[in-house]
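Structural description and commentary
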Amino acid sequence: MFASIPRSLLCCTNAIVPNRAVALALAKCPMFESSSIFCREYHEVTGSIICPNVVRGIDHMRDPRLNKGLAFTLEERQALGIHGLLAATFKTQEEQLYICRISVDRYEENLNKYLYLVELQDRNEKLFFRLLAENVEKYLPIVYTPTVGLACQRFGLIYRRPRGLFITINDKGHIFEILKNWPEPDVRAIVFTDGERILGLGDLGAYGMGIPVGKLSLYTALAGIKPHQCLPITLDVGTDNQSLLEDPLYIGLRQKRTRGKEYDEFMDEFMEACVMRYGQNTLLQFEDFALPNAGRLLSKYRNKYCTFNDDIQGTASVAVAGLMAAVRVTKRKLSENIYLFLGAGSAAGGIAELTVSAMIHEGLSERQARDRVFMFDINGLLSTRREGGVPEHAKAFGKDVEPEKDFEQCIAKIKPSCLIGCSTVGGAFTPKVLQQMAKNTERPIIFALSNPTSKAECTAQAAYDNTEGRCVFASGSPFPPVKFNGKEFLTGQGNNAYIFPGIALGVIATATHHIPETMFLTAAKTLADYVSEEDLALGRIYPSLAEVRDVSLAIAVNVAKMAYDEGLASLYPEPKDLAQHVKNQMYNFHYESAMPVVWDWKPAEKVNVRPL
Ligand SMILES: NC(=O)C1=CN([C@@H]2O[C@H](COP(=O)(O)OP(=O)(O)OC[C@H]3O[C@@H](n4cnc5c(N)ncnc54)[C@H](OP(=O)(O)O)[C@@H]3O)[C@@H](O)[C@H]2O)C=CC1
Ligand SMILES: CC(=O)C(=O)O
Ligand SMILES: [Mg+2]
C-alpha cells in the first residue's frame, strides 16, 4: 500500500493524514517509526495521527532520541511545551558539533574522552552519531579499539546509565521474558558477548559489555543502521578472572563460569528466544567469545539462524581484503605467498580458511592451498609430530614437519612471505623476527592484528624500521604515521570494523535469513576494490577511515545482491534499485522537525514493507 513514505513523515511526532484507514495502516507499518514512539491514534477532527505517548515537556528533552538541545526552534519549543526550559539562543547541529569537538579535545585522557562520548549518546543521539560518522578517524580509537578495551577494564568504575541487556545464567528458563523488558520492539541486530575473550585482554566477564555497545555504535555510525534496531547484550555466565571476582567494583555475577551442558542449554535458549522475540531474520552477531566456544557455536548455529562470528568471519574478511590489496604492491598473488600465523585461535582460523578459499579461486587445489598456511601457537609450530599433536580446532593446518618452539627459528625455516599476528601477545614480532621476514622476501606482508594497541605483535614503526621500509603493514588498532628515510607513511587498520557494519546493513535491508561464508569473500573483494593507488603510495592497503561509510554501503549493496542471487533474502518483491533500497533504510544523522507534518498522500502501486 505504501511504496514510499516521505522521510519527514517517518520521523515526525504528529502527522496529518487523509483518513482513518490510512492512519491505521500507517500505525502498523514498521517503516513508520518515529524515534521511541510506537502507539498512535487517528484524530477525526484534526485528521492527524496523534501519538498518545508523544513525549512533551521536559521529558522530550530528556529522551536522547528526541533531544536536540539548543537546536529546537522557537515553534518546536512552544509546541512541545519546552519554551523557557532552554537558553534563548538557537544553535544549528553544525554549531553543536563544533562545541562537541572542542569538548572532547579538552580532555587529555582517552578514557575521559570516551566518557564524554558515552554521555553525549545518552543525551543527544543524533548529535553523537553525526559526530562519530563525520569524524571517524578521530573518534574511532575512542569508542572502539584501543580505548574501548580500557573502558571494559574499568567498567565497574565508569558504569552509570545502563545500555543494553544483561542476561545471566540465573535467568535460564526466562530469557524470553528478559528480552521482553527491552523497550524497543523492532530490533533487527543483536551483538552479544559472554565476555570471555575481550579483545586480547582475556576474561573480563560482565565488564565486556563495552564491546557490543561499541560494535553497535559502529553499526549506526559506519553503516547507518538505525540505533533503535540494535541491541547489545552481555551473557553473564560468571567469570574465571580471579581479580574480577575479588574486585569490589565488579558488576557481574560473582561466580566461576558455567560451562558444559548448562552453558549450552543457556545458549540454545538465548538464540531461540531472540528469534521468538524479534523474528527469524534477526541478525545475531557473536563477539569476543573464547576459542573453545567461538568456532563450536558458529558451526552449531550457522545454518539455523541468521548469525555470524565477527572474530572469525569479519576478521577473515578484512584480512583477506588486505591481502588482495597487497597483491598490487608485492606483485605476488595470494596463492604465491607462504603464510605463517602467530596464534591459532578464532581469528587465525577464520583468516586461514578464507585465505584458502581465495587461493582456490586463484586456481590452487584445496590441498595446495592448505600446504601454504602454517600456524604457530603457544606450544610452537602446529606440527603433527609435536607432543600433544595439533589441537582439534586447527587440525586442518597441522603439518607433518619437525616440531619447532622457537618462533624466530620457525621464520627462518619456513620462510613465510606473509606473517599474521592473532596471538594477543604484544611485541611478539621482535626486531629479529621482522628482520628475518625482510630476508625472506622483497616485500614482506606483516599484519599485527591483535587488539588493543598494547597487544599488537609489533608497532608500525618497528615493522618499517626492521624491514628497511619494505614491508606491507597493517594492524588491528591504529598507529600514528611512520617516519622512514625522511618520508611519512600511513599504515592501514586491518580491523573487522571495515566489514561487519556493511554486512549487517545488507543483511538487514534484505531480511536475509542466513549468512554464508561466501558473503565474507564478497565483502573482502568490495573492500579491496576501494583501495586506491594513492592509498598504496601512502603505505596503506585499506582505504582511509574517512571512506569507511562509503565502503560499508558498497559492501551492503553487494551483500544484498548476493542475498537475492542465492535465495537468502526474504524481502519480496526484490527492489528494482537495490542500491537505492539500501540507502533508503539508512539512519538520518540530521535533526528532523518535531512539528506536525501534512502528508500529500497518494495510493501506492506496490507493497514493499516487511510484514509484521
Ligand atoms: N584486527 C581485528 O579485526 C581483530 C583482531 N582480533 C585480535 O586477535 C587476537 C586473538 O583473537 P582470537 O583469535 O579470537 O583469540 P583466541 O584466544 O581464539 O586465539 C589466540 C591464539 O593465540 C595463541 N597464543 C596465546 N599466547 C601465545 C604465545 N605466547 N605464542 C603463540 N601463540 C599464542 C593461543 O594459543 P593457545 O590456544 O594454545 O593458548 C591461540 O591460538 C586478539 O587480540 C583480538 O583482539 C580478533 C578479532 C578481530
Ligand atoms: C576487533 C575485534 O573484534 C577484536 O579485537 O576482538
Ligand atoms: Mg571481537
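Note that the structure is predicted; figures quoted are calculated from it, not measured.

Next up on the list: the coordination of the magnesium ion (ligand 3). In this structure, E287 (OE), D288 (OD) and D311 (OD) serve as the protein donors to the magnesium ion (ligand 3), at separations of 2.0 to 2.1 Å. Taken in chain order, the donor set of the magnesium ion (ligand 3) reads E-D-x22-D. Highlighted residues: E287 in the loop between β7 (283-286) and α15 (291-301) and D311 in helix α16 (residues 310-330), separated in sequence by 24 residues. When its relative accessible area of 1% is taken as the criterion, E287 is described as buried.

This next bit is on the site of ligand 1. Around ligand 1, the structure places 26 residues, and the nearest of them are R197, T315, A344, A347 and I378. A distance of 3.4 Å separates an oxygen atom of ligand 1 from a polar backbone atom of G200. In the model, an oxygen atom of ligand 1 is placed 3.1 Å from a nitrogen or oxygen of the G345 main chain. Against a free-state accessible area of 920 Å², the protein chains account for coverage of 84% of ligand 1.

Cis rather than trans, the peptide bond between N451 and P452 has omega equal to -10 degrees. The topology assignment puts P452 in the loop between β13 (445-448) and α21 (460-465). A cis geometry characterises the amide bond from Y572 onward to P573, with omega recorded as -5 degrees. Relative to the elements of secondary structure, P573 occurs in the loop between α25 (548-565) and α26 (578-584). Of note, the phi angle at D288 is positive, near 55 degrees, even though the residue is not glycine.

Right, let's talk about the pattern of salt bridges for a bit. One pass over the full model with this rule turns up 35 salt bridges. Across the salt bridge formed by D535 and R540, the nearest N and O atoms sit 3.0 Å from each other. Residue classification places R540 among the buried residues on the basis of a relative accessible area of 12%. One network of salt bridges, with partners in common, ties together R65, E125 and E184.

A surface patch of nonpolar side chains, about 280 Å² in accessible area, is lined by Y98, I99 and I102. Relative to the helices and strands, I102 resides in helix α5 (residues 93-106). Residue I102 is classed as partly exposed on the basis of its relative accessible area, which comes to 37%.

The next point concerns the sheet that holds strand β11 (residues 380-381). Here we have 7 strands laid out as an open sheet, ordered β11-β10-β9-β12-β13-β14-β17, and mixed in their pairing. The open sheet is flanked by β11 and β17 (492-493), the only strands paired with a single partner. Sheet topology places strand β14 (residues 472-475) next to β17; 2 bridges connect them, and they run parallel. Looking at the pairing, S475 lines up with Q493 of β17. The strands that α16 touches are β9 (339-342), β12 (418-421), β13 and β14; relative to β13, the one it contacts most, it runs at about 155 degrees.

Glancing now at the UniProt feature "domain: Malic enzyme NAD-binding" (unreviewed entry) in the protein. In the numbering used here, UniProt assigns the feature "domain: Malic enzyme NAD-binding" (unreviewed entry) to residues 312-564. Here residues 312-564 runs as 44% helix and 12% strand, with 24 Å between its end C-alpha atoms.

Time to look at the packing of aromatic side chains. In total, this model carries 23 aromatic pairs according to the counting rule given. Measuring from centroid to centroid gives 4.9 Å for F128 and F129, while their planes differ by 70 degrees, and the two rings are edge-to-face. F129 shares its class with F128; the two are buried. An aromatic cluster is defined as three or more aromatic residues linked by ring pairs; in this entry it consists of F192, F270, F286, F289, Y301 and Y305. Just above the ring of Y587 sits the side chain of K126; from NZ or CZ to the centre is 4.7 Å. Across the ring face of F374, the terminal group of K399 is positioned such that the distance to the ring centre comes to 5.1 Å.

Moving on to the UniProt feature "active site" (unreviewed entry) in the protein. The UniProt record marks Y144 and K215 with the feature "active site" (unreviewed entry), using the residue numbering of this structure. Taking the farthest pair of C-alpha atoms as the criterion, the annotated set spanning 72 residues converges on one region, since that pair is 7.4 Å apart. Checked against the lining of the second largest pocket, the annotated residues reduce to Y144 and K215. Among the structural elements, Y144 can be located in the loop between α8 (136-143) and α9 (147-153).

This next bit is on the site of ligand 2. In the vicinity of ligand 2, the contacting residues are Y144, R197, L199, K215, E287, D288, D311, N451, N495 and N496. K215 is positioned with one of its side-chain polar atoms (N or O) 2.9 Å from an oxygen atom of ligand 2. In the environment of ligand 2, an oxygen atom lies 2.9 Å from a nitrogen or oxygen atom belonging to the side chain of D311. Against a free-state accessible area of 220 Å², the protein chains account for coverage of 91% of ligand 2.

About the cut-offs
- Residues numbered from 1 in each chain as written.
- Chains lettered and ligands numbered in written order.
- Predicted model: local features only at pLDDT ≥ 70, side-chain atom pairs only at ≥ 80, totals over all residues.
- Heavy atoms only, no water.
- Donors = N, O, S within 2.8 Å, 3.2 Å for Na, K, Ca; no water.
- Helix = DSSP H or I, 4+ residues; strand = E, 2+ residues; numbered from the N terminus.
- Buried < 20%, exposed > 50% of the residue type's maximum accessible area, 1.4 Å probe, protein only.
- Near = heavy atom within 4 Å.
- Polar contact = N/O pair within 3.5 Å; in protein donor to acceptor, adjacent residues only side chain to side chain.
- Areas by Shrake-Rupley, 256 points an atom, 1.4 Å probe, with all protein chains shown as cover.
- Salt bridge = Lys/Arg side-chain N within 4 Å of Asp/Glu carboxyl O.
- Patch = residues over 30% accessible without salt bridge, like charges linked within 9 Å, V, L, I, M, F, W, Y side chains within 5 Å.
- Pairing = 2+ DSSP bridges.
- Contact = heavy atoms within 4.5 Å.
- Axes fitted to C-alpha atoms, helices over the stretch in contact; angles between N-to-C directions.
- UniProt positions renumbered as here; feature names shortened; annotations may be inferred.
- Phe/Tyr/Trp six-rings, centres within 6.5 Å; stacked < 30°, edge-to-face > 60°.
- Lys NZ or Arg CZ within 6 Å of the ring centre and 35° of its normal.
- 1 Å grid on protein atoms, 1.4 Å probe; cavity = no way out; pocket = protein on both sides within 12 Å on 5 of 7 lines; lining within 4 Å.

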